[in-house]
Amino acid sequence: MAPAVEVAKLVKHYRGSHRGLNGIDLTVGEGEVFALLGPNGAGKTTFVKCLLALLRPTSGSISLFGEPAGNPGARRGVGFVPETPRFPDFLSAQEVLRLHGRLIGLPHDDLKLRISERLEAVDLTDAPKRVKAFSKGMIRRLALAQALLGSPRLVIMDEPTADLDPIGRRNVRNEIAGLKDQGATVVLNSHLLSEVERVSDHVAIVHQGRLLAEGGIDQLVPDGQDLESVFVDLIEKAGN
Amino acid sequence: MNAVLTIAHASVTEHVRRKLVAFFGILVAMAAVGLVYVSLNNDLSSTLVGAAVGIATYFSLTLLQGLSTLAAVAVSMNNIGRPFADGEATLILARPVARWQYALGRLLGSIALVVALCLLLLVLLQGINVLEDRNLGVELWGHWATQAFNLILLVSLTTLMSALFNNPVLAAFASFFVYASSGFVSALYLLVDTGRVRGVGGAVISVLWYLTPKTLISPLALERMTRDGNPMSAGSMMLISSTGARIAWGVAYLAATIALTFVLIRRKEL
């Protein structure tokens, strides 16, 4: 069975910038909760955008469930929560979910029920009529709802707990745990290390576009230490 | 195709909810009803007031064309650049949607609105004709059918410009400039065609001529043009006089702008 995500020698250079990715090799197995960690500007969001073909890699290859990530079909069964979600502000939450439901080919009869389930799960049933009146937290919750709409096999989350209050963060953790129970794969980008430590079973640390360490939480974090101290040590050793 | 239609539907909803369609619809309807009704109820030659109304009416068709041209630019200037720049396209393109499907969906949404606007105008003007017992039916149909065709060219050109520039205002100005300059470029090309301009200047004019759209000219507009002796449009007509050839030019231009939009949107990064 093909892994959920397979990345080989991934390089992404931006014109006129040192930031990007410099040869990332990674494999995320199906059903894993994988977290990509790194300081600001390490290349985490670039990595996620390359997975979804929103950015064109300079070189290297990416496949999702064995299919090249550049093929639109590879994104069937993939849900995405971006770092700063942006929806058409003239639509309601229901209409946003209907739009995404249609794009992923959910049957018409099924769509209404799934939309109300998802809105209820993220506590947006009584949301204002149009997205333009939503708070940042509500936008984040709507982003989570659209990502999980079609029961995806792979969910990619870029800083999913940013702008959320403690209850919202707990709900995201519960969603991730629920996805894991259902056998879905989760790729998580975050610098909230305590959150990551609680939900992930596979972690990679990137710095300046390079992979510094990768493995299970048990392998990376020795007894008596926590993920944060391991992370800080690695980044300081790597230097600037 | 489902993805294309879903995106087109969302695009139409966007413009309707932003009240852009209502704004142009009301403006155009007011202009059409007001100017034509007033002109039809006056003897244009006998009194000073009648003559003034006549002058106003004379420009009514041009005014309506101008408004519908602005509407076409307004509903397509945000098609690609703005949603890419502000990240609105990110979540759509993270779905199993190809970039060309996104571009085509946005384009079809704009085309649907422009065609609807032309139909609205046609119905209004036709209604006035029937009420006033005038016999302008065929000419009006022909005029607004050619106008719809020209506006579809303009929409595809503006969509192309919005794939080129993230700034919608820049995209609007660029497309309007290219569209509006086609008559002038045709007049210049006539000089090349008749051998009066040669060399580098001739080559530059030839390239410009191929880059600008060849719009259709309705019999109604042609009649006015002949009467007024408009040199730019006359030049354009002399170069491609048959309607069939102009339609073929238009379709080729439409295909080329759509193909180029697909190439540009593939290269855009989010």
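Structure: see above.
The structure reproduced in this document is the subject of the present report.

Analysis parameters
- Residues numbered from 1 in each chain as written.
- Chains lettered and ligands numbered in written order.
- Predicted model: local features only at pLDDT ≥ 70, side-chain atom pairs only at ≥ 80, totals over all residues.
- Heavy atoms only, no water.
- Pairing = 2+ DSSP bridges.
- Helix = DSSP H or I, 4+ residues; strand = E, 2+ residues; numbered from the N terminus.
- Axes fitted to C-alpha atoms, helices over the stretch in contact; angles between N-to-C directions.
- Core = buried A, V, L, I, M, F, W, Y, C linked by side-chain atoms within 4.5 Å.
- Buried < 20%, exposed > 50% of the residue type's maximum accessible area, 1.4 Å probe, protein only.
- Contact = heavy atoms within 4.5 Å.
- Salt bridge = Lys/Arg side-chain N within 4 Å of Asp/Glu carboxyl O.
- Phe/Tyr/Trp six-rings, centres within 6.5 Å; stacked < 30°, edge-to-face > 60°.
- Lys NZ or Arg CZ within 6 Å of the ring centre and 35° of its normal.

## Points about the sheet that holds strand S10 (residues 210-215) of chain A
In sheet architecture, strand pairing relies on hydrogen bonds along the backbone and comes in two forms, parallel and antiparallel.
Residue and element names in this part refer to chain A.
Stage number 1. Spatially, 6 strands are ordered S6-S7-S8-S3-S9-S10 in an open sheet, and the strand pairing comes out mixed. The sheet is open, and its two borders are formed by strand S6 (78-81) and S10, each paired with just one other strand. Adjacent strand axes in the sheet meet at a mean angle of 15°, parallel and antiparallel pairs treated alike.
Stage number 2. Pairing of strand S9 (residues 202-207) with S10, which is carried by 5 bridges, proceeds in the antiparallel orientation.

## Considerations on the nonpolar core
Stage number 1. Counting 99 residues, the largest nonpolar core has Val-5, Val-7, Leu-37, Phe-47, Leu-142, Ile-156 and Met-157 of chain A as the members making the most contacts within it.
Stage number 2. Beyond its immediate sequence surroundings of up to four residues, Leu-142 of chain A is in contact with Phe-87, Ala-93, Val-96, Leu-97, Leu-119, Leu-124, Val-131 and Phe-134 of chain A.
Stage number 3. One finds Leu-153, Met-161, Ala-171 and Ile-258 of chain B within the second-largest nonpolar core, a separate group that totals 34 residues.

## Some details on the environment of Phe-34 of chain A
Residues and elements named next belong to chain A.
Stage number 1. Within the secondary structure, Phe-34 is located in strand S3 (residues 33-37).
Stage number 2. We classify Phe-34 as buried; its relative accessible area is 0%.
Stage number 3. Put simply, Phe-34 and Thr-185 are 151 residues apart on the chain and 7.8 Å apart in space, counted from C-alpha to C-alpha.
Stage number 4. Once you skip the residues sitting within four places of it in the chain, Phe-34 turns out to touch Leu-26, Val-28, Val-186, Val-187, Leu-188, His-202, Val-203 and Ala-204.

## A closer look at the pattern of salt bridges
Stage number 1. Summed over the entire model, instances satisfying the criterion amount to 11 salt bridges over all chains.
Stage number 2. The shortest N-O distance in the salt bridge between Arg-17 of chain B and Glu-95 of chain A comes to 2.7 Å. On the criterion of chain membership, the pair formed by Arg-17 of chain B in helix H1 (residues 2-17) and Glu-95 of chain A in helix H2 (residues 93-103) is interchain, its members lying in two chains.
Stage number 3. The residue Asp-86 of chain B makes a salt bridge to Arg-82 of chain B at a minimum N-O spacing of 3.2 Å. Taken as a pair, Asp-86 of chain B and Arg-82 of chain B lie in helix H5 (residues 81-86) at a separation of 4 residues, close to a single helical turn.
Stage number 4. Judged by its relative accessible area of 25%, Asp-86 of chain B falls in the partly exposed class.
Stage number 5. The buried category is assigned to Arg-82 of chain B, whose relative accessible area is 14%.

## Details of the packing of aromatic side chains
Residue and element names in this part refer to chain B.
Stage number 1. In this structure the tally under the stated criterion is 6 aromatic pairs over all chains.
Stage number 2. Pairing Phe-84 with Tyr-102 gives two aromatic rings, centres 6.1 Å apart and planes at 70°, and the pair type is edge-to-face. Taken as a pair, Phe-84 in helix H5 and Tyr-102 in helix H7 (residues 99-131) lie far apart in primary sequence, 18 residues in all. In terms of burial, Phe-84 and Tyr-102 fall into one category: buried.
Stage number 3. Between Trp-100 and Phe-262, the aromatic rings sit 6.1 Å apart at their centres with planes inclined by 55°, giving tilted as the arrangement. Here Trp-100, found in helix H7, pairs with Phe-262, found in helix H14 (residues 243-267); they are 162 residues apart in sequence, far enough to count as distant.
Stage number 4. Residue classification places Phe-262 among the partly exposed residues on the basis of a relative accessible area of 24%.
Stage number 5. Grouped by ring-pair contacts, the aromatic residues Tyr-189, Trp-209, Tyr-210 and Trp-249 constitute a single cluster.
Stage number 6. Above the ring of Phe-84, the side-chain terminus of Lys-268 is found at 5.9 Å from the ring centroid.

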